Structure formats: structure tokens, C-alpha cells
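# Observations on the model geometry
This is what each chain is made of:
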Amino acid sequence: MRKLSESQRSKVDRALAQHERFRSSYMWRSHNGNRQQRSRWSDRETWSVAFTHEGVRYEYHSSVHCSARNVYYKGRFYADGERVTVRKFKALQNKN
């Protein structure tokens, strides 16, 4: 397996850091603030990243929703359009 490029490596690292930060977020208490502040924070934390490595297209989609009491997170990992577990991205990170 070839090593990831610097750009690919940073995308994998960013996706895994986001996933680690929010993976148990349904238990968190949301940011104190009004609806507009919560919405702005949710928009900032919702993003996607994609790259191709050795002919396989990898994607990560982060969706964060902040209610008045809780933070809800969905992190989806894909390889060639099929949903995979976070282990696939961790394997990419560890082989480099």
C-alpha cells in the first residue's frame, strides 16, 4: 500500500479527530446560547471530506445538530460509495 499524500493524511486526521470529539455527543449538554448561536455552531461543525487513494474513493460526512439541551452527531464513513466503519480510516492512518 502506498503512503497517503500530505493532503490525504490531513483529511483522514481531521475526520478521525472530528469523530473522536463527537462520537458520544448525544450525552453532551449543548452550548449555552440562543437558537442563532446554536445554529451557527452546528453549521460550522457540519462538513464533508473526500479523496481518492489507490483507486478507492474515501468519504467522510459529519452532521452535527445542536438542540437546546443536547448535541446530536452523525459521522458516516464511505469507501467507493459503500458505508464502512471508522476502522477503515484508522487503518489508513496507521499504515503511514
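The rules we used
Residues numbered from 1 in each chain as written. Predicted model: local features only at pLDDT ≥ 70, side-chain atom pairs only at ≥ 80, totals over all residues. Heavy atoms only, no water. Buried < 20%, exposed > 50% of the residue type's maximum accessible area, 1.4 Å probe, protein only. Helix = DSSP H or I, 4+ residues; strand = E, 2+ residues; numbered from the N terminus. Arc of directions from axis to C-beta. Contact = heavy atoms within 4.5 Å. Axes fitted to C-alpha atoms, helices over the stretch in contact; angles between N-to-C directions. Parallel < 35°, antiparallel > 145°, perpendicular 65-115°, else oblique. Left-handed = near helix turned anticlockwise from the far one by under 90°.

## Section: helix α3 (residues 86-94)
- When we look at burial in α3, the residues that qualify are V86, F89 and L92. An end-on view of α3 places all buried positions within 120° of arc, on one side of the element. The exposed set on the far side of α3, more than 90 degrees from its buried face, consists of R87 and N94.
- Packed against the buried residues of α3 are α1 (6-22), β1 (47-53), β2 (56-66), β3 (71-79) and β4 (82-84).

## A look at the packing of α1 against α3
- Two elements in contact, α1 and α3, have axes whose closest approach is 10 Å; the angle formed by their N-to-C orientations is 135°. The angle between α1 and α3 falls in the class oblique. When you trace α1 past α3, the crossing you get is left-handed. Judged by residue contacts, R9, V12, D13, A15, L16, H19 and E20 of α1 engage V86, F89, K90, L92 and Q93 from α3.

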